[in-house]
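Secondary and tertiary structure notes
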Amino acid sequence: MSGTFVGMPAFPEAAHEAVNNQTLRGNLRHATHTIRGKREKAVAEVSDWAELREAGKRIKDHTLRHLDRYLVQLEESVTAAGGIVHWAADADEANRIVTRLVKETGESEVVKVKSMATQEIGLNEALEEEGIRAYETDLAELIVQLGKDRPSHILVPAIHRNRGEIRDIFEREMSEWGRPAPDGLTDTPAELAEAARLHLREKFLRAKVGVSGANFMIAETGTLVVVESEGNGRMCLTLPETLISVVGIEKILPTWQDLEVFLQTLPRSSTAERMNPYTSMWTGTSDEDGPRAFHLVLIDNGRTDTLADEVGRQALRCIRCSACLNVCPVYERAGGHAYGSVYPGPIGAILSPQLRGTQSEIDASLPYASSLCGACYEVCPVAIDIPEVLVHLRERIVEGGPVVREGNKVVLKPAKGHAAERAAMRAARWAFAHPGALRTGQRLASRTRRLHPRKLPGPGKAWSGTRDLPPLPAEPFRDWWQRTNGGKGGAK
C-alpha cells in the first residue's frame, strides 16, 4: 500500500488537533448523526436483515478461502468477454500499468469514477507525474480535488466541509480546472450541484479514457459492478472509448446469485436507500455499446499478507459501506484526516495497518484509535468483528513488533516502545504465580495507602490525566476473608 498522507503525525497527535476544531466537529456531528438515523430506519424495514448479514459474511468468507480459484475463473471470464486482465503486486506496479495503458491511447486526461482503490495506490499523483490529468467526477471527490484536500470519509469524502466552504472552493478553483463557477453562486445545495454538473459535463463529452474501481466482480461471468447515486459513474463507464478498472482482489464474488445479497445490504448501510439510483454492470466489451477496450487491473498491495492472518483477514470482507464510521464516537470527534489513510474510521484502523504493515508510527497507533465500544460491529453488514481485530493488532504490536515484508518473506520485527508495559506485564505474571509474594505486596500496599499519589507519574500521566486512581482498601481481600470466615462472622 502507498504511504501515509504526507506530513501526517501519529493518530493521537492528529486527533488532539482535530478535536479542537469546533467547525470540523460540528460538521461531523451533523452529518454522521443524519446518516446514522436514516440508516436505522432503512434497515428496520427489512425483516430478514440478520439473515442477510450472516449470508454476506458466509459468502465473503467462502470466497476468501478459495480466492485463488475464483481469481483464475474471473480472469478467464473477463478474457472470454473481450477484456484484458493485468495483475499488480503493489501500488507502484498498478500505477505503472495504468499509466502505460493511458499513454498507449495517446490521451493526456482521464475521467474517474469514485474509487478507494485508486486513492489507495495514489493513482492521480502517479498520472500527474507523467503529464496525465485525472478528473474526479463524484461530487464529493470533486470538492476534495478542487480544494487540494484529502478525503475524510469512505462514502462522503467531503463530509468535513460545510456548504459555505464548498461554495468558496468552487468560486476560487473551478476556473483552473475547466468551466468556472456561475456568477453569484450561493451555498444552496441545488446551485452547488448545478455548478458541478455544468463543470463536469464538458469533461464527460471530451474524455476518451475512463478509470473506475468496482464494488463487486462476478467470477462466474466476468462482470464488474459499480453502485452510485449521482450518475457520474454511468457517464464515465459508457462514454469513453477505453475503460480501465482498478480493483482489489478481495472484491470478487463467485456467482450472480451472491450479488443479490449485497445489492440489498450495501445501499441501506451506506446511503440509507432501498436500492442505489445507479447500478452499472459491464462484461468485457461490445461492438454496439460502451468502451471499445476494457482493461481490468487486479491489485494485491498487502491483501495476500492480510489473508494469511486468521483473525485479521475478516477485514477483507469489507464492502466499503462506511456504516462503522457513522456510529464511531472516535471518528465523530477526530474526523477522517487523523487516520492518515484513505481508509479512516474503525475499518481503517484495522485495514490500513494490515495492508501497509505496522512499522510506521501512525500505523502502529491506529489499532488504539478506538474505545472498543463495539458499535462498529453491530452495524457492519458483513459482521466484521472490528473490536476483535483491534485487540489482535494491539497484541501483535506490543508482543511481536511490526510485521513487514523483506523480499519474498513476511517477518516480525522486534517491537519498539511499550517497554514499560511489557515489563509491568511480566512483573504481574510473576506475582500472580507466587501467592506468598502477592499477599505480602497487597498488605504493604494497604498499609502505605495514605502515601499513594492520586495521579500516575511519568508515562502514566496520559492515562490518569482524566482519571483518579482508585483508593486502596485498608485491608486486602484475602486478609478480610480469613478474618471474617468469608463474611460469616469471624475465623474459626
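Structure first, text after, so check above.
Report follows, based on the coordinates. Keep in mind that what you see is a predicted model, and the values were worked out from it rather than measured.

Per the secondary structure count, the protein includes 23 helices and 12 strands. Dimensions along the principal axes, computed over C-alpha positions, put the protein at roughly 95 × 55 × 50 Å. The buried share among the 492 residues of the protein stands at 50%. When contacts within the protein are restricted to residue pairs at least 6 apart in sequence, long-range pairs at least 24 apart make up 71% of them. In the form shown here, the protein has an accessible surface area of approximately 23800 Å², with 52% of it arising from carbon and sulfur atoms. Within the protein, the 64 negative side-chain charges are centred at a point lying 11 Å from the centre of the 63 positive side-chain charges.

A word on the packing of helix α8 (residues 139-146) against helix α9 (residues 163-177). Packing of α8 against α9 leaves a shortest axis separation of 9 Å and a crossing angle of 75°. Judged by the angle between their axes, α8 and α9 are roughly perpendicular. From α8, Leu139, Leu142, Ile143, Gln145 and Leu146 reach across to α9, where they touch Ile166, Ile169, Phe170, Glu173, Met174 and Trp177. Looking at the contact of α8 with α9, its residues break down into nine nonpolar, one polar and one charged.

Further remarks concern the sheet that holds strand β6 (residues 223-228). Read from one edge to the other, the open sheet built from four strands follows the order β8-β5-β6-β9, with strand pairing classed as mixed. In this open sheet, the two strands that pair with only one neighbour each are β8 (252-253) and β9 (278-283). Direction of pairing for strand β5 (residues 216-218) relative to β6: antiparallel, over a ladder of three bridges. Its bridge partner lying in β6, Phe216 is registered against Val225.

Turning next to the pairing of strand β4 (residues 209-212). The two faces of β4 match: Val209 and Val211 on one face and Gly210 and Ser212 on the other face are all buried. Note: β4 against strand β7 (residues 242-248), four bridges, orientation parallel. From the neighbouring strand, Val209 faces β7, where its bridge partner is Thr242.

Bringing the pattern of salt bridges into the picture now. Between side chains of opposite charge, a pair can form when the charged atoms approach closely. Tallying each qualifying case throughout the model produces 24 salt bridges. Salt-bridge contacts for Glu104 lead to Arg100; the nearest nitrogen and oxygen are separated by 3.1 Å. Taken together, the positions of Glu104 and Arg100, both in helix α5 (residues 91-105) and four residues apart, correspond to about one turn of that helix. Judged by its relative accessible area of 56%, Glu104 falls in the exposed class. Look at Arg100 and you get partly exposed, because its relative accessible area is 37%. Note that Arg303 is salt-bridged to Glu120, the shortest N-O span being 2.8 Å. Of this pair, Arg303 sits in helix α13 (residues 303-307) while Glu120 is found in helix α6 (residues 116-121), placing the two residues 183 residues apart along the sequence.

Cut-offs used in this document
Residues numbered from 1 in each chain as written. Predicted model: local features only at pLDDT ≥ 70, side-chain atom pairs only at ≥ 80, totals over all residues. Heavy atoms only, no water. Helix = DSSP H or I, 4+ residues; strand = E, 2+ residues; numbered from the N terminus. Buried < 20%, exposed > 50% of the residue type's maximum accessible area, 1.4 Å probe, protein only. Contact = heavy atoms within 4.5 Å. Areas by Shrake-Rupley, 256 points an atom, 1.4 Å probe, with all protein chains shown as cover. Lys, Arg positive; Asp, Glu negative; His and termini not counted. Charge placed at Lys NZ, Arg CZ, Asp CG, Glu CD. Axes fitted to C-alpha atoms, helices over the stretch in contact; angles between N-to-C directions. Parallel < 35°, antiparallel > 145°, perpendicular 65-115°, else oblique. Nonpolar A, V, L, I, M, F, W, Y, C, P; charged D, E, K, R; others polar. Pairing = 2+ DSSP bridges. Salt bridge = Lys/Arg side-chain N within 4 Å of Asp/Glu carboxyl O.

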